[in-house]
Amino acid sequence: MKQILLLTISLFALQLQAQDFSITGKTIDAQGISLESATVYLEKLSDSSLVTYAITDKDGIFNLEGSSQEKEVNLFISYAGFKPYRKKLSLEQSLDLGPVKLEVQDNVLDEVLVVANRAPVTIKKDTLEFNAASFATRPDANLEELLKKLPGAEVDSDGAITINGKPVTRILVNGKEFFGDDPKIATKNLPKEIIEKLQVVDTKTKSEEFTGKAGDPDNKTINITIKKDKNKGYFARATAGAGTNDRYEMSGIGNIFRDNERVTILAGSNNINSSGFDFDDVYGMMGRSGARAVESGNRSGGITKSETAGINYSNEWLDKYEFDGDYFFDRSNTDTRTRTERENILPDTTYFSNSESSSNALNDRHRANARIEVEFDTLTRLSFSPRFDTSKLQSTRNSTANSLDGNRDLVNNTFTTDQEDIFNLRVRNNLDFIKRFGNRGAYLRLDLSQEYNNQENNNLYFSESNFFNDNPRTETQDQFIDEDEKEYQYGLGIEQRVVLATDFYLDLNYNFSSAKSTNSRYVFEADTSGEYTVRNDSLSSNFEVKTYRNTPSLGLNYDHEGWRINADVGLLNTILKNENLLNPVSFNNTYNNLYIRTGIRYELQRSKSIYVDYRTNANTPSIRQLQPVPDQTNPLNIIIGNPSLRPAYSHNIGAGFRSFNFGSGGGSGIFSSLSLDFTENQVVSVSSVGDDLRRTTTYANVDGAMSASARVFYTKSTRKEEQEFRYRLSLTGSHDKNVGFTNGTLFDSKRLRINPGLRLTYAIQELIDINPSYNLTYNNTKYSINEDRNQEFINHTVGFEATSYWPKNVIFGNDITYNYNGNVSPGFQNSSVLWNSSLGYQFLEEKATLKLKVYDLLDQVVDTQRITGDDYVQDTNSLILTQYAMLSFTYKLSNFGGNKGGGRPGSNRRRRF
């Protein structure tokens, strides 16, 4: 306590010594025209560290505000195409610089060098660029910690990233994917010390990158540029830990960089429900948030022991040939247990069903991907992408279930057990050819795709069901089920873009896809000797579905000076053919729908935009929904497909507004979106319940299903010297209308969900990081078939994360989450506190870390949730990971450009412009 008091007094004294300042001005060119999105920033004279920065608005005006102990600072102004501006200033409480004229960059003189610092933030036409060195972090920080310091960037407890309200779906390193498409492998493992800059752009496919076609503005890609002197070398990290209750973890990752060549190898094993490559120095593999750990990582997922290994290789030769490939193996052994209580709603009554189940599943999976790219010249490119995925699953399951009438009298019960072996094979190939014509945007693109899926399933199944109504009886199933499902898919796409005028294009498209799915399911009953030789033809089937889809379309696209307008209109022609090969019955039909992809997006100014779009799509039913043969593997719910189902035709309307202001040393932004979906011929379940409370389910097409959602976020961050403060307000809401049939009655259920939230961050560099949060979720469900069973309840989540980095080399973290689930049934615990804690010590020049972490310190974590379905209300409790303590050791090493690392890196921030 004495140390904390002294620390608080010292911080307060330093704050008193600092003085507030405000510096205003306006950037113009030689003709007096305002320069929007110029970067203006202050640096200390002593070590060139960043004090604060701002981005000029549409009128070229900037305002630098903050607090500093410095008496004098350097002012820099950076703008693409202009010479860097530099001036020494004396910090004053209020200083107006007036118009600041920038000079055009003159590249004629070969020997003229201007030495200056890179701007912390640069805004270009379609790129937002951050200078990594400008954002202070702990010396051994990784990419995720750096992202948390960037204005407009948010990283949640699961590692999901948003930039200015838009999700980040890809992370590239020097323009290439880092170990496949999992961004977390990059964010958790790339050290900040090797990063020069981060470029944020709209997510594009490889074809869009080559043709220059606009990408997806609602998803972002981050490209990490490695420092030139760090692009030759290696870095590696390894962790080993042992804990109570036989918990353990082992993992390692190594990376080698040689200019365009990169190799990544990783491996791991643990039994704490982790992917195995989370090198968070505070919490490591147990996750940053208890609420997320329960709601996503462990929710109904049981406890998993996993073993993983993988390798990724990428290279480029002669600026013409490019290869990227990876192989990944993982083995998981998962135990689950689930208890469920459900109230089923019928038109004139309700009944209850309870179940308990347990399972063990052992799954081996192999995945391999590659991309081979050849650029014959600057206008012609060929890309080939093969993918391979195979798995072998062995599982055993046991379950008991019963049904009770409205008076809670027992009507039936059942016991089932099965042993299942499943083999899956998936092979995909894609060939993409592009020929560009000139440099105005015209091109021809040809895309060929092929996919093969094969699933072989052998199931040894047993059930015994008892019915206690007016016709008491016992039904037994002792069966061997041999099921094979194959799918063949082929696709052809032709796209021609013609330039009508500058930034105005005509797009001609034709897409064809063909899919053939076969499902053979043979059920064999046990004979008198116990051998499974008697085929049950009433439960067996051999079904085939063929789908052909033709989509010709014509589009007009305009992309110029803040406007992006596209209107693609065509035909969705779907041919669906079904055939039962065991019982010769066939059905085929043709469906035609309107194909629309249209949208308008307008950029009011840099970092401020508004959009609206409308899309249609057609989705064919699955083979299981079409197959008209009873599936009795759940004796209390028999499922039969409907071969007469039509494709569902969906409409989506989206709109949004985003605005972010890069304020002095931080920024503020508001991000909002709206989505409305409604579907014609929605495939829904049709259920009927008999007097014995056995449910029979089939499928039908209905209209009237819809869903709407809206969200708005406001975020603001400020930074003064080493201190940072952020807050984020959020409000999301959704309204869904689902339609179905039960006992011959058409019904609908309407669900309203409103979720306000608040998250705060206060940080002092290399000292402390505090993150309190609160989320409320309001749920309201109304049933047309029984208004007495309408549901209304509120869930609460309160979180508190605190991490201290003092004394030096000591990291102490606590993550506390309180969950309250409203309105769960008696017998289910509705609240819990999950407290994760970690204490780490760094030594050996910060290359080694010894860490003690405790998961669920109070031993209170539970997995209870209430679900409101279309015609039921359900409470569930599942097996999850519980309290353990673990001691682990992590060691890291690196060598870049002959400089062995692992401890505090040096600073090299000066560069040539």
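Above this text you will find the structure in question.
Okay, so let's go over this structure. Quick caveat: nothing in here was measured; it's all calculated off a predicted structure.

## Thoughts on the overall build of the protein chain
- Looking only at helices and strands, the protein chain has six helices and 50 strands in total.
- Radius of gyration (C-alpha) of the protein chain: 31 Å, near the 29 Å computed for a compact globule of 913 residues.
- Taking the principal axes of its C-alpha atoms as reference, the protein chain extends roughly 95 × 75 × 55 Å.
- The 913 residues of the protein chain split such that 48% are buried.
- Considering only contacts within the protein chain whose residues lie at least 6 apart along the sequence, 65% involve residues at least 24 apart.
- Surface summary for the protein chain: the accessible area is close to 42,100 Å², and the carbon and sulfur share equals 52%.
- Across the protein chain, the 103 positively charged side chains and the 118 negatively charged ones have centroids separated by 6 Å.

## Regarding the side chain of Thr334
- Here Thr334 lies in strand β21 (residues 321–345).
- A polar contact is formed between the side chain of Thr334 and the side chain of Thr304, at a distance of 2.9 Å.

## Observations regarding the nonpolar core
- With 44 residues, the main nonpolar core has Phe130, Leu143, Leu190, Leu198, Ile222 and Ile224 as its most contacted residues.
- Once residues within four sequence positions are removed from consideration, Phe130 is found in contact with Pro120, Val121, Phe135, Leu150, Pro151, Glu196, Lys197, Leu198, Val200 and Phe662.
- Residues Leu35, Ala54, Phe82 and Leu95 belong to the second largest nonpolar core, which totals 19 residues.

## Describing the environment of Gly32
- As for its position among the elements, Gly32 is in the loop between β1 (19–28) and β2 (39–44).
- Take Gly32: its relative accessible area is 41%, and that puts it in the partly exposed class.
- Put simply, Gly32 and Asp692 are 660 residues apart on the chain and 85 Å apart in space, counted from C-alpha to C-alpha.

## As for the packing of aromatic side chains
- Going through the model one piece at a time under the given rule, you end up with 16 aromatic pairs.
- With a centroid separation of 5.2 Å and an interplanar angle of 45°, the aromatic rings of Tyr452 and Tyr488 are classed as tilted. Of this pair, Tyr452 sits in strand β25 (residues 442–467) while Tyr488 sits in strand β26 (residues 473–501); the two residues are 36 residues apart in sequence, bridging distant segments of the chain.
- Relative accessible area serves as the criterion here: at 30%, Tyr488 is assigned to the partly exposed category.
- Taken together, the ring pairs connect Tyr53, Phe130 and Phe135 into an aromatic cluster.
- Note that Arg408 overlies the ring of Phe352, its terminal NZ or CZ placed 3.7 Å from the centroid.
- It is Arg473 that lies over the ring of Phe467; its NZ or CZ is 4.3 Å from the centre.

## Here's the deal with the pairing of strand β46 (residues 864–868)
- Side chains Thr864, Arg866 and Thr868 of β46 all project onto a buried face; the interleaved residues Gln865 and Ile867 project onto a face where none is buried.
- Two strands pair when backbone bridges link them, and β46 and strand β47 (residues 872–878) are joined in this way by five bridges, in the antiparallel orientation. Residue pairing in the sheet places Ile867 in a bridge with Gln874 of β47.
- In this structure, the hairpin formed by β46 and β47 is closed by a connection of three residues.

## A look at the sheet that holds strand β4 (residues 61–68)
- Taken together, three strands build an open sheet; the order of strands is β4-β1-β7 and the sheet is mixed. Looking at which strands have only one partner, the edges of the open sheet turn out to be β4 and β7 (95–101). Strand-to-strand twist of the sheet, defined as the mean angle between neighbouring strand axes without regard to direction, takes the value 20°.
- In the sheet, β1 pairs with β7 via five bridges, with the strands oriented parallel. Bridge pairing in β7 links Ile28 to Lys101.

## Re the environment of Ile256
- Along the chain, Ile256 turns up in strand β18 (residues 248–258).
- Residue classification places Ile256 among the partly exposed residues on the basis of a relative accessible area of 33%.
- Sequence-wise, Ile256 and Pro647 are 391 residues apart; in three dimensions their C-alpha atoms are separated by 49 Å.
- What Ile256 contacts, discounting residues up to four positions off in sequence, is Gly233, Tyr234, Glu261, Arg262 and Val263.

## Quick look at the sheet that holds β2
- Strand order in this open sheet of four strands is β3-β2-β5-β6, and the pairing throughout is antiparallel. Of all the strands in the sheet, the pair left with one neighbour each is β3 (50–55) and β6 (85–90). The average angle at which neighbouring strand axes cross in this sheet is 20°, direction not considered.
- With six bridges joining them, β2 and strand β5 (residues 72–78) adopt antiparallel strand pairing. Counted as the bridge partner of Thr39 is Ser78 from β5.

Cut-off values and rules
Residues numbered from 1 in each chain as written. Predicted model: local features only at pLDDT ≥ 70, side-chain atom pairs only at ≥ 80, totals over all residues. Heavy atoms only, no water. Helix = DSSP H or I, 4+ residues; strand = E, 2+ residues; numbered from the N terminus. Rg over C-alpha atoms; globule rule 2.2 N^0.38 Å. Buried < 20%, exposed > 50% of the residue type's maximum accessible area, 1.4 Å probe, protein only. Contact = heavy atoms within 4.5 Å. Areas by Shrake-Rupley, 256 points an atom, 1.4 Å probe, with all protein chains shown as cover. Lys, Arg positive; Asp, Glu negative; His and termini not counted. Charge placed at Lys NZ, Arg CZ, Asp CG, Glu CD. Polar contact = N/O pair within 3.5 Å; in protein donor to acceptor, adjacent residues only side chain to side chain. Core = buried A, V, L, I, M, F, W, Y, C linked by side-chain atoms within 4.5 Å. Phe/Tyr/Trp six-rings, centres within 6.5 Å; stacked < 30°, edge-to-face > 60°. Lys NZ or Arg CZ within 6 Å of the ring centre and 35° of its normal. Pairing = 2+ DSSP bridges. Axes fitted to C-alpha atoms, helices over the stretch in contact; angles between N-to-C directions.

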